[in-house]
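# Chains, contacts and geometry: an overview
In case you want the letters, here they are:
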Amino acid sequence: KERQAELTKQKELERQEYEKWKSELVEKYGQIDKEIALSESNKDNVILAFSKVSRIWLAGNDLPMSSILSCTLSDNSKTIKGKDTIQSKTNTGNMAKRAVVGGVLLGGAGALAGGVTAKKDGTIIHEDDKVIHDYTVLINIDSLSSPVIRLQCGTNGALANDIIGLLNVVINRNKGSH
């Protein structure tokens, strides 16, 4: 319990620190037009777009929007094969009839043998293959020292699409201003 209280207190401090940092950026650049949190809100895991001053905070990088050249989506997915299981089913429809015939011909042991000779059917049940996505948004920026920013989205395809959508708007607006 004590450890949990400590973690909760730490998270609250981090949240307050993040909100303070964000309000300082708002004072500097004006209203945030779009905010996308990659994971827990902190300045290294958030994208903030300020259209009034054409700036974007990109996961720890404060950039002019014009420095974003392109973006691509990488999916390092893995396929997990579904299991095949065989389910056997005994056709019990005539088992009683065969047991009676076996019993008439051979007595008690014949009844048992007649019943056991029932036909067995096998059905193969195939589970669907599962694809586990691992999305990364690659952003090419106008920088010789670090030209690529990688944003890990994991299995969250909606998040990756939100980021790509925002960056495409930024790139297209920059094309229009040149």
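Heads up: the structure comes first, above all this text.
What comes next concerns the included structure. (Residues numbered from 1 in each chain as written. Predicted model: local features only at pLDDT ≥ 70, side-chain atom pairs only at ≥ 80, totals over all residues. Heavy atoms only, no water.)

### Regarding the nonpolar core
Quick note on the threshold: Throughout, nonpolar core names a set of buried Ala, Val, Leu, Ile, Met, Phe, Trp, Tyr and Cys residues whose side chains join them through atoms within 4.5 Å. We call a residue buried when its accessible area falls under 20% of the maximum for its residue type, exposed when it is over 50%, and partly exposed in between, using a 1.4 Å probe and counting protein chains only. Secondary structure elements are taken from DSSP: a helix is a run of H or I of four residues or more, a strand is a run of E of two residues or more, and numbering for both begins at the N terminus.
I56, L58, I139, L151 and I163 are the most contacted members of the largest nonpolar core, which has 26 residues in total. Of all the secondary-structure elements, those providing two or more residues to this core are β2 (46-50), β3 (55-58), β5 (68-75), β10 (135-141), β11 (148-154) and α4 (157-177). Among the elements that line this core, the one with the most residues is α4, at 8 residues. Within the second largest apolar cluster, 9 residues are counted, among which are Y18, I32, L48 and F50.

### A word on the side chain of S67
The condition that has to hold: Here a residue-residue contact requires only that any non-hydrogen atoms of the pair lie within 4.5 Å.
Topologically, S67 is positioned in the loop between β4 (61-64) and β5. Given the relative accessible area of 8%, S67 is considered buried. When sequence neighbours within four positions are dropped, the list of residues in contact with S67 reads N140, I141 and D142.

### Comments concerning the pairing of β11
As a reminder of what qualifies: In this scheme, strands are said to pair when DSSP sees at least two bridges between them.
Residues I149, L151 and C153 point to one face of β11 and are all buried, whereas V148, R150, Q152 and G154, pointing to the other face, are not buried. Alignment of β10 against β11, held across 6 bridges, turns out to be antiparallel. The residue bridging I139 from the neighbouring strand is I149, located in β11. The hairpin formed by β10 and β11 contains 6 residues between the paired strands.

### So, the sheet that holds β10
Using the following cut-off: Fitting a line to C-alpha atoms yields each axis, with helices limited to the stretch in contact; the angle taken between N-to-C directions then spans 0 to 180 degrees.
Strand order in the open sheet made by the 3 strands is β5-β10-β11, with antiparallel pairing throughout. With partners counted over all chains shown, the strands left at the sheet margins are β5 and β11, one partner each. Pairwise comparison of adjacent strand axes, ignoring direction, gives a mean angle of 20 degrees for this sheet. Where β5 and β10 come together, 7 bridges link them in antiparallel fashion. Opposite L73, over in β10, you have V137 as the bridge partner.

### Thoughts on the pattern of salt bridges
Put simply, the rule reads: We define a salt bridge as a contact between a side-chain nitrogen of Lys or Arg and a carboxyl oxygen of Asp or Glu at a distance within 4 Å.
In this structure the tally under the stated criterion is 6 salt bridges. Across the pair E35 and K22 runs a salt bridge whose closest N-O atoms are separated by 3.0 Å. A residue pair is termed long-range when its members are at least 10 positions apart, and E35 in strand β1 (residues 34-37) and K22 in helix α1 (residues 2-29) qualify at 13 residues. Given a relative accessible area of 35%, E35 falls into the partly exposed group.

### A short note on α1
Quick reminder of the rule: One fewer than the residue count of a helix, multiplied by 1.5 Å, yields its expected span.
Under the 1.5 Å per step criterion, the end-to-end length of α1 is 41 Å for 28 residues, consistent within 8% with the ideal 40 Å. Listed in full, the buried residues belonging to α1 are Y18, W21, K22, L25 and Y29. Buried residues in α1 make contact with β1, β2, β3 and β4. Phi turns positive, to about 95 degrees, at G30, one or two residues after α1.

On their own, these measurements won't tell you what the molecule is for.
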